[in-house]
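# Structural overview
Listed below, chain by chain, are the residues.
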Amino acid sequence: MLEPFNKEDIGGTALYLDLVPYDIGRKTLYTAEDLYGPDNYDARVYECYLHKGKHACSTRELMARSMHDYCIRKAVEDFMQDRDLLKTVSVMGGHGLLRTDEQFRHIVFISKRLTEEGFLMISGGGPGAMEATHLGAWMAGRNDNEVEQALKMLAAAPSFKDEMWVRTAMEVRQRFPQNDGYESLGVPTWLYGHEPATPFATHIAKYFDNSIREDFILTAAYGGIIFTPGSAGTLQEVFQEAVQNHYLSFGFASPMIFFGSQFWQNEVPIYPLLEHLMANGRYKNLLLSLTDSREEVVKTLLDFKPAGSPQKA
C-alpha cells in the first residue's frame with residue numbers, strides 16, 4: 001500500500017509547490033467537473049506543463065509533478081482496492097476514431113455490455129476508441145435506443161478537434177445522467193494534453209508521466225485487453241502486453257482480443273506475426289483471439305479462467 005503524501009514532508013520546497021496550478025497532494029481521482037469546471041483547470045495545468053517544459057526545467061518542477069503523480073497513483077490504488085481483478089478490462093485503440101465511425105459504435109456497445117456484466121472498463125481516457133469505451137460504460141443500464149440517441153447527439157462534433165467536442169459530451173451527460181453503480185476509469189496524460197480527456201469516464205487518473213500511465217493501463221487489465229484499430233501507440237501497447245503475458249509477469253496470461261480482422265490481419269498484420277512468433281517459440285503463453293463479433297469479445301472475457309492467481313502490480 002502506498003502511503004499518503006503530505007506536502008509538509010518536503011520542507012523548504014513547500015512554497016514553490018503552493019504556486020503550481022495543480023494540487024500535488026491530491027487525495028482523490030479527477031472528475032470531468034474538476035477538469036472542465038469554471039476555473040478551466042485542465043487547460044491551466046497543460047499551459048503550465050508546456051511553459052515549464054515537457055521535460056521539467058527545474059528540480060522543483062520535477063518534484064512537483066512527481067508528487068502529483070504519486071498521489072494520483074495512491075488514489076488509483078484506493079479506487080481499485082477490494083475490486084475483483086479479473087473484472088478489469090482495458091481497451092486500446094486510436095484517438096482519431098470519429099464518433100460517427102461504425103467502429104466507435106461497436107466499442108460503445110461492447111463496453112456497455114461488459115460494464116453491465118460487472119467489469120470495470122479502463123482506457124487511456126482520451127478521444128476516439130477511448131471515449132467510446134467510457135460512453136459505453138456511462139450508458140450501462142440503458143436501452144439501445146437511448147444509446148443511439150446519445151451517438152446522434154455526439155455526431156454534431158465527430159472529431160476531438162471540433163470546437164463542440166467537450167460541449168456535446170456534456171450535453172449527453174445531462175440528457176442521460178449516469179446510473180448509480182456503473183463506473184469506469186480513464187487514464188489520460190498531459191503529455192498528450194492536446195487530446196481532451198473524455199468527460200464520460202466517471203473517474204479520471206490524469207498523470208504527467210506517460211510511462212507510468214501507460215504501464216498501469218496494461219498491468220491493471222487482469223481480465224484482458226481489447227485491441228481495436230489504432231496507430232503507433234496502440235501497436236506499441238500490443239507488444240508491451242505480449243511481453244507481460246510471455247513472462248507471466250503477474251501470475252498468468254490474460255486474453256489479448258484483436259477486434260477488427262481486416263485491420264489486424266491485412267492492414268497492420270500484427271496478428272499473423274504473433275501467431276508466427278508463438279509457433280516458433282519466440283512468444284509463449286499468449287491467449288490470442290481475432291474477431292469482428294461483439295458477442296464473441298464479450299463471451300471470451302466472460303469465459304476467461306486464469307491458470308494462476310493474480311499478483312498485484
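Quick caveat, the model's predicted, so the values are computed rather than measured. (Residues numbered from 1 in each chain as written. Predicted model: local features only at pLDDT ≥ 70, side-chain atom pairs only at ≥ 80, totals over all residues. Heavy atoms only, no water.)

The end-to-end C-alpha separation of helix H10 (residues 232-246) is 21 Å, in line with the 21 Å expected for 15 residues at 1.5 Å each. Of all the positions in H10, only Thr234, Glu237, Val238, Glu241, Ala242, Gln244, Asn245 and His246 are classed as buried. Its buried side turned inward, H10 meets strand S1 (88-92), helix H9 (210-219), strand S5 (225-227), strand S6 (255-259), helix H11 (261-267) and helix H12 (270-279). Phi turns positive one or two residues past the end of H10, at Leu248, with a value near 50°. (Helix = DSSP H or I, 4+ residues; strand = E, 2+ residues; numbered from the N terminus. Expected span 1.5 Å × (residues − 1). Buried < 20%, exposed > 50% of the residue type's maximum accessible area, 1.4 Å probe, protein only. Contact = heavy atoms within 4.5 Å.)

A separate point is the packing of aromatic side chains. Taken as a whole and judged by the stated rule, the model has 13 aromatic pairs. Geometrically, the ring pair formed by Phe252 and Phe304 is tilted, given 6.0 Å between the ring centres and 50° between the ring planes. In this pair, Phe252 is assigned in the loop between H10 and S6 and Phe304 in the segment after helix H13 (294-303), connecting sequence segments 52 residues apart. Ring centres of Phe263 and Trp264 lie 4.8 Å apart, and the angle between their planes is 90°; this geometry places the pair in the edge-to-face category. (Phe/Tyr/Trp six-rings, centres within 6.5 Å; stacked < 30°, edge-to-face > 60°.)

A word on the environment of His276. Relative to the assigned elements, His276 resides in helix H12. For the pair His276 and Leu86, spaced 190 residues apart in the sequence, the C-alpha separation amounts to 28 Å.

Along S6, five of the five residues are buried, which leaves the element largely enclosed by surrounding structure. Burial along S6 is two-sided: the face carrying Pro255, Ile257 and Phe259 and the face carrying Met256 and Phe258 are both buried. Where S5 and S6 come together, three bridges link them in parallel fashion. Each bridged residue has a counterpart across the sheet, and for Ile225 the counterpart in S6 is Met256. Chirality of the crossover, the property in question, places the unit of S5, H10 and S6 among those that are right-handed. Relative to strand S7 (residues 287-291), S6 runs parallel, the two sharing five bridges. If you follow Pro255 over to S7, its bridge partner there is Leu287. (Pairing = 2+ DSSP bridges. Right-handed = clockwise from strand over helix to strand, strands pointing away.)

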